[in-house]
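For reference, the chains in residue letters:
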Amino acid sequence: MDERLKQQLEFVLEIDKEKNIFRQTHLSGQGRNENDAEHAWHMAIMAYLLREYSNEPVDIGRVMLMCLIHDIVEIDAGDTYAYDADGLKTQKAREDAAKERIFSLLPQDQKQELVRIFDEFEAFQTPEAKFARAMDNLQPLLLNDSNDGGDWKEHEVNAEKVYGRQRKTKRGSEKLFEVTDQILKENIAKGNLPE
């Protein structure tokens with residue numbers, strides 16, 4: 001086997017570990033905790049299906065790839081819950097170290113390509129990154145809504161914190177933020193999300 005293929009297969013096997021990184025979000029209908037790979041897959045399919053609601057035209061293949069790779073770094077860095085103030089302080093440093101180790105398994109050209117796409121997602125500037133980030137917000141919101149706000153309740157998250165994160169969805173999709181706002185208002189009214 002040549003060295004390039006060996007490196008690619010090593011990376012493929014390494015990213016399988018993403019299936020072992022469990023998130024705070026539960027699967028729909030009161031299921032078990034979702035893992036990072038399930039989250040990424042779900043986001044990528046959502047991006048494809050909902051692309052017509054992007055504020056700007058996007059390269060949907062690039063958006064889907066962002067969705068699929070954005071949490072690979074959590075293999076080393078672990079999942080940082082969106083509302084964990086202490087964890088968020090160290091998240092970038094942990095993820096930067098993980099990005100370097102994991103993507104370095106690939107041949108140099110592919111490492112550079114995936115690092116650029118990962119960094120684009122993190123920078124939140126391009127139409128593709130904005131739409132991918134909208135998926136990253138909407139996906140757990142939909143699961144939480146399907147579970148009567150169970151994860152918000154478990155972590156004692158209030159509406160102000162959730163809105164703080166979810167308002168960023170507007171940058172990628174005004175239409176999907178309208179849906180988000182409706183879902184949040186319904187959960188506030190039901191008592192699932194305290195104000």
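This structure is a prediction, so every number in the text was calculated from the model and none was measured.

Here the focus is the nonpolar core. Counting residues in hydrophobic clusters, the biggest one holds 44 residues, and the most contacted among them are Phe11, Cys67, Phe103 and Met135. At the level of secondary structure, the elements contributing two or more residues to this core comprise helix H2 (36-50), helix H3 (60-69), helix H4 (74-77), helix H5 (85-103), helix H6 (108-123), helix H7 (127-146), helix H9 (159-166) and helix H10 (174-190). With seven residues, the top contributor of residues to this core is H7. For Phe11, the contacting residues outside a window of four places in its chain are Ile72, Ile102, Phe103, Leu105, Leu106 and Leu114.

Here the focus is a nonpolar patch on the surface. There is a patch of nonpolar side chains on the surface, built from Trp41, Ile45, Tyr48, Leu49 and Leu68 and spanning about 520 Å² of accessible area. With four residues, the top contributor of residues to the nonpolar patch is H2.

Because an α-helix packs 3.6 residues into every turn, residues spaced three or four apart end up facing the same way. Within H9, burial applies to Ala159, Val162, Tyr163 and Gln166. Each buried residue of H9 lies within a common arc of 100° when the element is viewed along its axis, so the set occupies one face. Residues of H9 that are buried in the fold lie against H7, helix H8 (150-154) and H10. With a side-chain oxygen positioned 3.2 Å from the backbone nitrogen of Glu160, the residue opening H9 is Asn158.

Relative orientation of the contacting elements H5 and H6 amounts to 155°, with a least axis distance of 10 Å. Considered as vectors, H5 and H6 are oriented roughly antiparallel to each other. For the element pair H5 and H6, the recorded crossing hand is right-handed. The segment H5 lies against H6, with Glu95, Lys99, Glu100 and Phe103 engaging Lys111, Leu114, Val115, Phe118, Asp119 and Glu122. Of the residues assigned to the contact of H5 with H6, the class counts are four nonpolar, no polar and six charged.

Let's shift gears to the side chain of His26. Locating His26 in the fold gives a position in strand E1 (residues 22-26). Note on His26: relative accessible area 19%, which makes it buried. When sequence neighbours within four positions are dropped, the list of residues in contact with His26 reads Gly31, Arg32, Asn33, Glu34, Leu143, Asn147, Asp151 and Glu154.

Cut-offs applied
Sequence order sets the numbering: in each chain, residues are counted from 1 along the sequence as written. Only residues with pLDDT of at least 70 get local features here, since the model is predicted, and only at 80 or more are side-chain atom pairs given and counted; chain-wide, interface and lining totals rely on the full set of residues. Hydrogens are left out, water is left out, and the side-chain values use all remaining heavy atoms of the structure. Each nonpolar core is a collection of buried residues, namely Ala, Val, Leu, Ile, Met, Phe, Trp, Tyr and Cys, held together in the definition by side-chain atoms within 4.5 Å. For each residue, the accessible area found with a 1.4 Å probe, counting protein chains only, is set against the maximum for its type, and the residue is called buried under 20%, exposed over 50%, and partly exposed in between. Numbering goes from the N terminus for both helices and strands, where a helix is a DSSP run of H or I of at least four residues and a strand is a run of E of at least two. Throughout, a contact is declared for two residues whenever any of their heavy atoms are within 4.5 Å. Each patch groups residues whose relative accessible area exceeds 30% and which form no salt bridge, using 9 Å between like charges and 5 Å between nonpolar side chains of Val, Leu, Ile, Met, Phe, Trp and Tyr. Here the accessible surface of atoms and residues is derived via Shrake-Rupley with a 1.4 Å probe, and residues count as covered only by protein chains that are part of the display. Salt bridge criterion: a side-chain nitrogen from Lys or Arg within 4 Å of a carboxyl oxygen from Asp or Glu. To obtain the arc, one takes the directions from the helix axis to the C-beta atoms. Identification of polar contacts relies on pairs of N or O atoms within 3.5 Å, with a donor-acceptor requirement for protein atoms, meaning one able to donate a hydrogen and the other able to accept it, and with residues adjacent in sequence counted only if both atoms are side-chain atoms. Between the N-to-C directions of two axes lies an angle of 0 to 180 degrees, each axis being a line fitted to C-alpha atoms and, for a helix, fitted only over the stretch in contact. Note that the term roughly parallel is reserved for angles under 35 degrees, roughly antiparallel for angles over 145, roughly perpendicular for angles of 65 to 115, and oblique for everything else. Note on convention: near helix rotated counterclockwise from far helix by under a right angle means a left-handed crossing. Clockwise means right-handed. Gly falls in the polar group here, along with every residue not listed as nonpolar (Ala, Val, Leu, Ile, Met, Phe, Trp, Tyr, Cys, Pro) or charged (Asp, Glu, Lys, Arg).

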